[in-house]
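Residue strings, one per chain:
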Number of protein chains: 4
Amino acid sequence: MKEVAIIGATGYTGAELLRLLANHEKVNVTYITSRKEAGKHVFKIHPHLKGIEKYKDLYFTGDVDKVEADLIFTATPHGASMDIVPDFIERGMKVIDLSGDYRFEDLSLYEKYYKIKHKGLPETKIAYGLPELHREEIKKAQLVANPGCFPTGAILAVAPLVKEGIIEERIIFDSKTGVSGAGVNPTEITHFPNVNENINPYKITTHRHTPEIEKELKKLGKAKVSFTPHLAPITRGILTTAHTFLAKDVDREEIIKVYEKFYKDEFFVRIFSEEIPKLTWVRGTNFCDIGGFEIDEHNRLVVISAIDNLVKGASGQAIQNMNIMFGFDEKEGLFEVGLNP
Amino acid sequence: MKEVAIIGATGYTGAELLRLLANHEKVNVTYITSRKEAGKHVFKIHPHLKGIEKYKDLYFTGDVDKVEADLIFTATPHGASMDIVPDFIERGMKVIDLSGDYRFEDLSLYEKYYKIKHKGLPETKIAYGLPELHREEIKKAQLVANPGCFPTGAILAVAPLVKEGIIEERIIFDSKTGVSGAGVNPTEITHFPNVNENINPYKITTHRHTPEIEKELKKLGKAKVSFTPHLAPITRGILTTAHTFLAKDVDREEIIKVYEKFYKDEFFVRIFSEEIPKLTWVRGTNFCDIGGFEIDEHNRLVVISAIDNLVKGASGQAIQNMNIMFGFDEKEGLFEVGLNP
Amino acid sequence: MKEVAIIGATGYTGAELLRLLANHEKVNVTYITSRKEAGKHVFKIHPHLKGIEKYKDLYFTGDVDKVEADLIFTATPHGASMDIVPDFIERGMKVIDLSGDYRFEDLSLYEKYYKIKHKGLPETKIAYGLPELHREEIKKAQLVANPGCFPTGAILAVAPLVKEGIIEERIIFDSKTGVSGAGVNPTEITHFPNVNENINPYKITTHRHTPEIEKELKKLGKAKVSFTPHLAPITRGILTTAHTFLAKDVDREEIIKVYEKFYKDEFFVRIFSEEIPKLTWVRGTNFCDIGGFEIDEHNRLVVISAIDNLVKGASGQAIQNMNIMFGFDEKEGLFEVGLNP
Amino acid sequence: MKEVAIIGATGYTGAELLRLLANHEKVNVTYITSRKEAGKHVFKIHPHLKGIEKYKDLYFTGDVDKVEADLIFTATPHGASMDIVPDFIERGMKVIDLSGDYRFEDLSLYEKYYKIKHKGLPETKIAYGLPELHREEIKKAQLVANPGCFPTGAILAVAPLVKEGIIEERIIFDSKTGVSGAGVNPTEITHFPNVNENINPYKITTHRHTPEIEKELKKLGKAKVSFTPHLAPITRGILTTAHTFLAKDVDREEIIKVYEKFYKDEFFVRIFSEEIPKLTWVRGTNFCDIGGFEIDEHNRLVVISAIDNLVKGASGQAIQNMNIMFGFDEKEGLFEVGLNP
């Protein structure tokens, strides 16, 4: 049994790590931290976990410095991770960071979009934690930067097209996200009457996940990424509609074959050649479902992807990364069926 | 007082005509028809209308042939309107058809997308009922083809750009619609558990509103329209995200000025230079709110429009057209404030 | 034309007053106040009002002392109204207070449930503003205490039964409310992921509307009121399920007759003898729809009422009260049809 | 490994059995039946199951007669189960019936509420499958009648009170259910615009789960059950508000102790002494969460229970029953954490 700790375990991604790790057979959670809730039992803050034997002695601690484990999940806000991760790295622990702090090789991009001065990368092996593209690097990494929720769904939706040079550089992602992506703290944006019966576009050309998507796609081929997110009146899930333009003369069947080949060894990517993916199919799971693959009269190719933003878009992918780093079966703790309907 | 009749008054657009006409001071509803509900009182089928004095003697009739009025609203299914409209036209009545049957000058486009053999256009003046673009024709028309719900929001969102030649030919509309657009009859698509907690793309490259949008924009300038609709877990409203690409070197302020000028005399189009439009702002109203106007690093210009699909997208616009045809104040019966929140 | 002012016009009830008064033909809004938003135009805070000619010169003021009008709506928090109402009363203005501050004749009840020390009632005629029960008092009052949202739906649902002594003293109200009832400020309770896919009971035996319902019903007959509210994932509306127990041997038809007689002159109460009322039927309107009237095997009689919490449950009823106080047609500004669906 | 079959596996309860059994380590699903979908692969009808190795050769069969297994789940409509269950029983198989056909010892009650002529009970041991009350009978039974969804939440909410004689005979259950309880087939009742922004009471005094709740409670003590269900705009979950009346002088703490004692060995019943249970806490799980326990001024005691109607209210409980019948660990295949938020 490996021991893991969760820094910042009061939010949705922390809670989701606890939900999924409850059934993980090779890992124990030995520390959870929160400045605000220090001293409280995990069931007090996350009552839906009540009854889980594994967590019956688990209390929040406020003392991050004393945390020791084989692997640390930092579910901390952007900008806060870089204050604590270097110390864990120095002390020889593995770290999976769920913030944006270590996702960029080019720190100027980070600083431009996050408006935070970066304190520099620790000297160790760092991987961008999208296993479908970077599995070998993740295996060797001490620090894994878990991808953003939108980038996960967007990159996986078009990676085969970019790699094979099938489409033009110009790619438009129109994404619709559930409200849990906005976090556990109430704001005007998450106030029920503001969300309900609405579809709210936001940061329509300036979202910080835009450069994250683009820099990853550029590793595969040509890509100029335009991205617009929308807040939808649902709790979980990101549905991404990728509008791309064919640069080659290919038909639907050939495109589907490209996807099936690209993802043939990937358990967590499911290619649907007939159905359009639905968010409820992936709800609670680590799957990224991809479908659509239709071409219109103006050479536009539409690809749809669906993920659960808290699982494949955050905590599930973090556990997938942990499984890779520890050499476990990649599916361990993650094999749940979508809660449909 | 003018007399109007509604053919097919059991569905959502029929009910919405009745809702809005309840407060219209220059029009009486003298006939409502339904084969299935013939003989029943309007309050039996539409209980929310109960108490409206104006409708206290209004019963459904099944006998369309006997209907006479100054103006007929045909809220009939695609393909059914062309069976009944020609007779009303011949008998000299004005008609506003809410189906797709008379929206296309080029009937081959209709036949290709609706998969229905068209029976031909009546010999009279026909107008495409989007007042902001065709007011003068509507004034003179005997038959008005009321626009589709998606086309209304999409065309108004980019008309000024196309007219001024500001953008490339390629335009992508990514639209999100409420479920009332699917009509009053339950189907798998409208089954609550299939809609809730989902955003369902459908007919992602083949929706029949695509050629309707394109042929109207082509009257204004260059346009190759790509369109993808999504069903959202809301009842009313269409939020359209228009992804366009600048062909000229203009900035945000100039673009907003183009819009303000283009729509300066249009009461029902509101331009928001700061806020992003919300569906609840237009809910129950005939407004089309337009905002966004942001330009990203790859020359993409994003414009957002919001309408109530049953009002500006259907029955409200029909009443606006009726007001124009009768020479009434265009706002009569339509001046309601959005039901926000 | 009468002039009215709204104290505290940034919240939902203030906005709803503005929405409804936009179409009121005998009243102008001359002042709206807000400490926080002083100086801003009304369209900036309530963008859905944009385009309303009547409000084009309306700005928020922070200076409550300078407000003068024929009638003042105080849409202020509980406890804050009593700081400002006495001054308006002294200066001879009419006041309709939407808080709980003047709803209780017995101030000790107020103090017990609101946990606020009451500063005393002004020496003038005060009426509890439920027109269906207190119309004559409202006519003569200078100060009207607008009822709570739950009490409006609950009291109207059973008033005829209590009056006629048809039921036992014990009455159980199980109410389900939309989230707009919680106000415009975001809290954990209104955070979308906490509301969505949930039905949250709260203050299950201690809600402060309980004594308000009971003291009003006791004016009509015997009543011991038990009340439990639930927050439902909807924005507007209160559906109240009244569980009562027959004390007399009456059947369904006799009960319906009692209701029809009791409410025969009430435009805003609609009795449904066949259909079960739906919230969308009353949405945006001042109607209280009542139906159900079924008796089970254990002598329980179930009555259902539906209101829009922001209209008949707050601002609409306030305008109804204003119409009565000014001697206008009671329906003026309120005759809208429910936004269904 | 035991082999099980699911008769009628296209609906929600069938799909939910498949979802949960996917992770059950001691059971294989060898047959799934459907007249309509015979010949199709399970992934075609339930795409969210795609990728589950265990089901990769599972096709629907239309031939119920040929089905053989250690245990049969009949997820068939009321009235249809009694046509097929007797044959399985005669052939010596164990059966868990998810319909109402075998829930009543007194068939006249069934006939009265289901309006179906009953064909008689097979001569074998039959148990009502609520393990918390009937575990020993379930162990010995060949046929288990799986409880209705509402009865599960209602009975568990008050069983300790009835058993201990703490409350009056009169009990009122006001329940709010998700729409998945209405099944997979679209109807007017499940049409999204009819459900959304509404809380719809239905069969307010005549629901057939009423006698099922009452006859079970009567086995424990005195009970006259009044029951009113409401359809809420959510997909999964039943929240039951039990309004009871104290017959003894007990306080909140004593009541909680009674519950904790009554359910002390029950893994799937969680007693919350502080928090009010939430549907999202139990979503996807077999838990029944119970809380509230507040007493009002008129001696009313309110208890709240929350279940997932498709899990503890149907398929999860069926698997719990199966585990008991086979002597497995009762939690096998059911130990999932609630999908919150």
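This one's a predicted model, so the numbers in the text were calculated from it and none came from an experiment.

Cut-off values and rules
Residues numbered from 1 in each chain as written. Chains lettered and ligands numbered in written order. Predicted model: local features only at pLDDT ≥ 70, side-chain atom pairs only at ≥ 80, totals over all residues. Heavy atoms only, no water. Least-squares fit on C-alpha atoms with pLDDT ≥ 70 in both. Contact = heavy atoms within 4.5 Å. Buried area = accessible area lost by both parts, 1.4 Å probe. Polar contact = N/O pair within 3.5 Å; in protein donor to acceptor, adjacent residues only side chain to side chain. Helix = DSSP H or I, 4+ residues; strand = E, 2+ residues; numbered from the N terminus. Nonpolar A, V, L, I, M, F, W, Y, C, P; charged D, E, K, R; others polar. Pairing = 2+ DSSP bridges. UniProt positions renumbered as here; feature names shortened; annotations may be inferred. Salt bridge = Lys/Arg side-chain N within 4 Å of Asp/Glu carboxyl O. Buried < 20%, exposed > 50% of the residue type's maximum accessible area, 1.4 Å probe, protein only.

**Describing the relation of the copies chain B and chain D**
Related by rotation about an axis and a shift along that axis, the two copies of the chain form a pair. Mapping chain B onto chain D leaves a residual RMSD of 0.0 Å; the transformation is a rotation of 180° accompanied by 0.0 Å of translation along its axis. Considering both components of the superposition, the chain copies are consistent with a two-fold axis. Counting the interface residues of chain B, we find that 100% of their copies in chain D are interface residues as well, pointing to one common contact surface.

**Digging into the interface of chain B and chain D**
Residue-level contacts link 19 residues of chain B with 19 residues of chain D. Carbon and sulfur atoms supply 63% of the area that chain B and chain D bury against each other, a total of about 1400 Å² over both sides. Linking chain B with chain D are twelve residue pairs in polar contact (both at pLDDT 80 or more). No other element matches helix α7 (residues 192-195) of chain B, which puts four residues into the side of chain B that touches chain D. Broken down by class, the residue content of the side of chain B that touches chain D amounts to nine nonpolar, nine polar and one charged.

**Some thoughts on the sheet that holds strand β5 (residues 94-97) of chain D**
Residue and element names in this part refer to chain D. The strand order across the open sheet formed by seven strands is β3-β2-β1-β4-β5-β7-β6, and the pairing between neighbours is parallel. The two strands at the open ends of the sheet, each matched to only one other strand, are β3 (60-61) and β6 (126-128). Relative to strand β2 (residues 27-33), strand β1 (residues 2-7) is paired through six bridges, and the arrangement is parallel. When the bridges of β2 are listed, Lys-2 appears paired with Val-27.

**Some points on the UniProt feature "domain: Semialdehyde dehydrogenase NAD-binding" (unreviewed entry) in chain A**
When the UniProt feature table is mapped onto this chain, "domain: Semialdehyde dehydrogenase NAD-binding" (unreviewed entry) is found at residues 3-141 of chain A. Helix makes up 30% of residues 3-141 of chain A and strand 18%, and the two end C-alpha atoms of the span are 18 Å apart.

**Description of the interface of chain A and chain B**
Contact residues are listed per partner, giving 49 residues for chain A and 49 residues for chain B. Across the chain A to chain B interface the summed buried area is about 4100 Å²; carbon plus sulfur atoms make up 54%. Across the chain A-chain B interface, the total number found is six salt bridges. Here Glu-168 of chain A makes a salt bridge to Arg-170 of chain B, at a shortest N to O gap of 2.9 Å. Taken together, chain A and chain B are joined by 38 residue pairs in polar contact (both at pLDDT 80 or more).

**Quick notes on the UniProt feature "active site" (unreviewed entry) in chain A**
Residue and element names in this part refer to chain A. Under the feature "active site" (unreviewed entry), the UniProt entry names Cys-149. Within the secondary structure, Cys-149 is located in helix α6 (residues 149-164). With relative accessibility at 15%, the residue Cys-149 sits in the buried group.

**Quick word on the pattern of salt bridges**
A complete count under the given rule lists 127 salt bridges over all chains for this structure. Here Lys-44 of chain A and Glu-274 of chain D are joined by a salt bridge, their closest N and O atoms 2.7 Å apart. Taken as a pair, Lys-44 of chain A in helix α2 (residues 42-45) and Glu-274 of chain D in the loop between β12 (269-271) and α10 (279-282) lie in two separate chains rather than in one. When its relative accessible area of 39% is taken as the criterion, Lys-44 of chain A is described as partly exposed. Look at the salt bridges and you will find they share partners, linking Glu-16, Arg-19, Arg-236, Asp-308 and Glu-336 of chain A into a network.

**Overview of the relation of the copies chain A and chain B**
With an RMSD of 0.0 Å, the operation that places chain A on chain B is a rotation of 180° combined with a shift of 0.0 Å along the axis. When the interface residues of chain A are mapped onto chain B, 100% of them are again interface residues, pointing to one common binding face.

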